[in-house]
Amino acid sequence: MKQKAENKVIIFDTTLRDGEQCPGASMGLREKLEVGRQLARLKVDIIEAGFPVASPGDFESVKMIAEQIKGPRIAGLARCIPRDIEVCHEAVAPAGKRGRIHVFLATSSIHRQYKLKKAKEEIIRQSVRAVKQARKLVEDVQFSPEDASRTEPDFLADVCKAVIDEGATTVNIPDTVGYATPDEFGALIAYLFDNVPELPKVTVHVHCHNDLGLAVANSLAAVKNGARGVECTINGIGERAGNCSLEEVVMAMRTRPDIYDEWTGVNTPELYRTSRLVSQLTGLVVQRNKAIVGANAFAHEAGIHQDGMLKERSTYEIMRPEDIGITGTELVLGKHSGRHAFSHNLQKLGFKLTQKELEEAYKIFIELSDKKKNVYDDDVVAIVQELMRDVPAVFTLDYLHVSAGTGTVPTATVRLKRLNESIQDAACGDGPVDAALKTIDRIAGVQGRLMDYSLQAITKDKDAMGEVSMRVEFNGGHMVSGKASSTDIVEASAKAYLNCVNRFMAEQKEKEQEETPHEKPRRRKVKARK
Ligand code: MN
C-alpha cells in the first residue's frame, strides 16, 4: 500500500480546547500538560491547546504547552478581535515556527442577524483584518467561519477567498451545531473546491459536532471530497454531544484502505492509553460500547462468535486490539513491586515526574498495595492524578470517621488541617457521605450544593478503588468540579468535596486579584522576553 503525500489527512486534536469546554471536564494546568505529552506520543499533527484570552488559566496552559510539548504544532484560538489575537500570539509564541493562531468568526445568516448584528460585508472586513493582524505575528494562520454548514454557500466561498488572499494558510469548515448530514457536507466541501480557485493552495480542515451522531461520518465525507484536516477529540468529548472522535475517524481510514486512499500519521497503538488518560483526567467515563476504545469494543460474547474467533480471528474481528494498544497482558503491580518497577510503569504510561513527586507517588502506591492485592495501570494513573492537582490545598483531610447503618443516625467526625491548625467538627446527615460533606461545610464556612455525583470503580475486583467525581455549586452560583479516589468510597467523596472547596477558594482569590490591575505588566514581561 502506497501512501501518497497529498493524501495525508492532518489530525488536529482539540481535546484541550473544545473537549475541555464540555460540562464537567475541567483539567488543571498539570493535567493538560500530561494530556499534551500523550498527544505528542500519539503523533497528532496539531494540538489546539486552548483559548488564551478566555482566562489567565487558559493563557498559562496554552503557553506552557507551547513551551514544553515538542513535535506537533500548537494552536491557540482567538476571536477576530485585536486583543484576542495579541494574547493568543503571546501564548503560542514559545512554540516558535510551530505556533498557530486560529481565528474564527460566525458567518451564517442566523448568527449574523441575532448574535453579531452585522452585515455580510462587515463580516468579511472583520475576518480579513484579523487574518492580516495574525499573519504579521505568525506564518501559520487558520481561519474558521463559525456555523459554516448553515452559511449560504456562495457567501461562504466569498469569505474563504478573502481570507486566503490575506494569507490564511488553513481554512476550517465547521459544522458547529452538528446539523449537517454526510452527503450534504461532502457536497459543501466539493462546492467550495469548485468555486474557490485559491482553495487548493491552503489546507482545508473540517470540524464536526456530534449532535446527530454524524460527526465521524461527516468528517469522512469531507475527506472524500478533498478536506485534508480533521478536527477531533479523544473519546469524542466536547460541547453538547461532543466532537468527531479521533480514534474512530483514524481507525476508519486505517481499517478500510480499500475505500480511503487518505491516511493519517497517528501512532495507533497509543490510542487506548490516550483514551484512558483523558477519561481519567477529565472524569468523563467512556461508555462500554463506545467504538474502538469502549470496554466491550473487542469483547466477543456470543457463543457462535467465540467459536469463530477461535478458528480464525478475522471471522468476527475487523481490527486487532493490539493495533490500538490493547495488549491483553497488563503489567500488574503489587506489594512486592519495588521502586524501579513502579517508576518504569509510570514511564510506560507516559508520565514525567520530578524525583520528589516520584517519591510521593511511590509512598501512596505502597499504602494502596497494602489495601488491595493488585495495582493496575488505571490505579497508577489515579495516584499520579492526585499529585498533579495544581490547586493549592487550603484544607487537607486529616481524620475521618463515619458511623452509619440500619437504625443509626449517620454521623461524621471530620478533622481538617489548614496550615498548622487542626479543626474538628461533627454533623449528622442523610447518609455517611452527606454527613461528611456537611461537616466539611461547617469547618470551611462554605455552603456547597451537590449538583452532580458519580462513583466509578477504577478497576475490577471487590477491593477496587472507587473514583468519585462531583460538581458543586458554592454560595449560590459558583460551579466547580473535583474528583478523588480511594478504596473507601466515603473517604473518596470527602476528598473530592475538599478538592471542590479548595478550588472554589483558589478561584475566589484569583478573582480578587484580577480586580486589582496587576495582570497587564506580567503579560508585557512575557512579550519583552521574546
Ligand atoms: Mn466546536
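The model shown is predicted, which means the values in this text are computed figures rather than measured ones.

## Focus on the packing of aromatic side chains
Consideration 1: Under the criterion given, the structure shown has six aromatic pairs.
Consideration 2: Taking 4.8 Å as the distance between ring centres and 20° as the angle between the ring planes, the aromatic pair formed by F342 and F365 counts as stacked. Of the two residues, F342 sits in helix α12 (residues 339-348) while F365 sits in helix α13 (residues 355-371), which places them 23 residues apart along the sequence. In terms of burial, F342 and F365 fall into one category: buried.

## Let's talk about the side chain of Q126
Consideration 1: Tracing the chain through its elements places Q126 in helix α5 (residues 120-137).
Consideration 2: Side chain to side chain, Q126 and K118 meet in a polar contact 3.0 Å long.
Consideration 3: Not counting the four nearest positions on each side in its chain, Q126 is found in contact with C80, L105 and K118.

## Some words on the coordination of the manganese ion
Consideration 1: Every protein donor of the manganese ion is accounted for by D18 (OD), H207 (NE2) and H209 (NE2), and the metal-donor separations fall at 2.0 to 2.3 Å.
Consideration 2: Each donor residue of the manganese ion belongs to the same chain, with the gaps between them written as D-x188-H-x1-H. With D18 in the loop between β1 (10-13) and α1 (29-42) and H209 in the loop between β7 (203-208) and α8 (215-224), this residue pair connects regions lying 191 residues apart in the sequence.
Consideration 3: Judged by relative accessible area, which is 2%, D18 ranks as buried.

## Some points on a nonpolar patch on the surface
Consideration 1: Taken together, the side chains of L450, Y453, L455 and I489 make up a nonpolar region of the molecular surface, amounting to roughly 320 Å² of accessible area.
Consideration 2: Broken down by element, the nonpolar patch gets its largest block of residues, three residues, from strand β12 (residues 448-457).
Consideration 3: Within the fold, L450 resides in strand β12.
Consideration 4: The partly exposed category is assigned to L450, whose relative accessible area is 37%.

## Things to note about the pairing of strand β14 (residues 478-486)
Consideration 1: Here β14 lies mainly inside the structure; eight of its nine residues are buried.
Consideration 2: Bridge analysis of strand β13 (residues 466-474) against β14 gives nine bridges, and the strand direction is antiparallel. Directly across from V472, in β14, lies its bridge partner V480.
Consideration 3: In sequence, β13 turns back onto β14 through a hairpin of three residues, with N475 there showing a positive phi of about 40°.

## Some details on the nonpolar core
Consideration 1: Of all hydrophobic cores here, the largest spans 106 residues; its most connected members are F143, I173, V206, V230 and L246.
Consideration 2: At seven residues, the largest contribution of residues to this core is made by helix α6 (residues 153-165).
Consideration 3: With residues near it in sequence (within four places) discarded, V206 still touches N172, I173, F185, I189, S219, A222, A227, G229, V230 and E231.
Consideration 4: L437, I440, Y497 and L498 belong to the second largest nonpolar core, which has 25 residues in total.

## A short note on the packing of helix α2 (residues 56-68) against helix α3 (residues 82-92)
Consideration 1: With their axes 7 Å apart at the nearest point, α2 and α3 run at an angle of 40° to one another. Of the possible angle classes, the one that applies to α2 and α3 is oblique. When α2 is examined against α3, the residues F59, V62, K63 and A66 are found in contact with a partner set consisting of V87, E90, A91 and V92.
Consideration 2: The residue inventory of the contact of α2 with α3, partitioned by class, reads six nonpolar, no polar and two charged.

## Quick word on empty space enclosed by the protein
Consideration 1: Under the defined criterion, the tally for this structure stands at one cavity of 30 Å³ or more.
Consideration 2: Empty space within the largest cavity amounts to approximately 30 Å³.
Consideration 3: Every residue along the wall of the largest cavity is listed here: E34, R37, Q38, R41, L277, L349, G350 and F351.
Consideration 4: If one sorts the elements of the lining of the largest cavity by residue count, α1 sits on top with four residues.
Consideration 5: Split by residue class, the lining of the largest cavity holds three nonpolar, two polar and three charged.

## Some points on the pairing of strand β4 (residues 99-106)
Consideration 1: Of all eight residues in β4, eight are buried, a share of seventy percent or more.
Consideration 2: The alternating pattern of β4 places G99, I101, V103 and L105 on one face and R100, H102, F104 and A106 on the opposite face, and all of these are buried.
Consideration 3: Bridge analysis of strand β3 (residues 73-79) against β4 gives six bridges, and the strand direction is parallel. Paired with A78 across the strands is V103, a residue of β4.

## Section: the pattern of salt bridges
Opposite charge on two side chains makes pairing possible when the charged atoms of those side chains draw close.
Consideration 1: For the coordinates displayed, the defined rule picks out 35 salt bridges.
Consideration 2: Among the ionic pairs, K32 bridges to E20, the shortest N-O distance being 3.9 Å. Residue K32 is located in helix α1, and its partner E20 is located in the loop between β1 and α1; the two are separated by twelve residues in the primary sequence. This pair shows no difference in class: K32 is buried, exactly as E20 is.
Consideration 3: The shortest N-O distance in the salt bridge between K63 and E67 comes to 3.7 Å. Of this pair, K63 and E67 are both found in helix α2, four residues apart, which corresponds to roughly one turn of the helix.

## Regarding the sheet that holds strand β9 (residues 396-403)
Backbone-to-backbone hydrogen bonds join strands into a sheet, with any given pair of strands oriented parallel or antiparallel.
Consideration 1: Strands sit in the order β9-β10-β11 across an open sheet of three strands; the sheet is antiparallel. In this open sheet, the two edge strands, each paired with only one partner strand, are β9 and β11 (421-428). Each strand of the sheet is rotated relative to its neighbour by a mean of 15°, with strand direction disregarded.

## Structural notes on the domain arrangement of the chain
Consideration 1: When the domains of the chain are assigned, the result is domain 1 (8-282), domain 2 (339-387) and domain 3 (396-515).
Consideration 2: A straight line from the C-alpha centre of domain 1 to that of domain 3 covers 37 Å.
Consideration 3: Across the boundary between the two partners, domain 1 contributes seven residues, which contact seven residues of domain 3.
Consideration 4: Both sides together, the interface formed by domain 1 and domain 3 hides about 580 Å², and carbon and sulfur atoms give 36% of it.
Consideration 5: Inspection of the domain 1/domain 3 interface yields zero salt bridges.

The rules behind each value
Residues numbered from 1 in each chain as written. Predicted model: local features only at pLDDT ≥ 70, side-chain atom pairs only at ≥ 80, totals over all residues. Heavy atoms only, no water. Phe/Tyr/Trp six-rings, centres within 6.5 Å; stacked < 30°, edge-to-face > 60°. Helix = DSSP H or I, 4+ residues; strand = E, 2+ residues; numbered from the N terminus. Buried < 20%, exposed > 50% of the residue type's maximum accessible area, 1.4 Å probe, protein only. Polar contact = N/O pair within 3.5 Å; in protein donor to acceptor, adjacent residues only side chain to side chain. Contact = heavy atoms within 4.5 Å. Donors = N, O, S within 2.8 Å, 3.2 Å for Na, K, Ca; no water. Patch = residues over 30% accessible without salt bridge, like charges linked within 9 Å, V, L, I, M, F, W, Y side chains within 5 Å. Areas by Shrake-Rupley, 256 points an atom, 1.4 Å probe, with all protein chains shown as cover. Salt bridge = Lys/Arg side-chain N within 4 Å of Asp/Glu carboxyl O. Pairing = 2+ DSSP bridges. Core = buried A, V, L, I, M, F, W, Y, C linked by side-chain atoms within 4.5 Å. Axes fitted to C-alpha atoms, helices over the stretch in contact; angles between N-to-C directions. Parallel < 35°, antiparallel > 145°, perpendicular 65-115°, else oblique. Nonpolar A, V, L, I, M, F, W, Y, C, P; charged D, E, K, R; others polar. 1 Å grid on protein atoms, 1.4 Å probe; cavity = no way out; pocket = protein on both sides within 12 Å on 5 of 7 lines; lining within 4 Å. Points joined across faces, edges and corners; volume = space filled by probe spheres on them. Domains from an automatic or database assignment. Buried area = accessible area lost by both parts, 1.4 Å probe.

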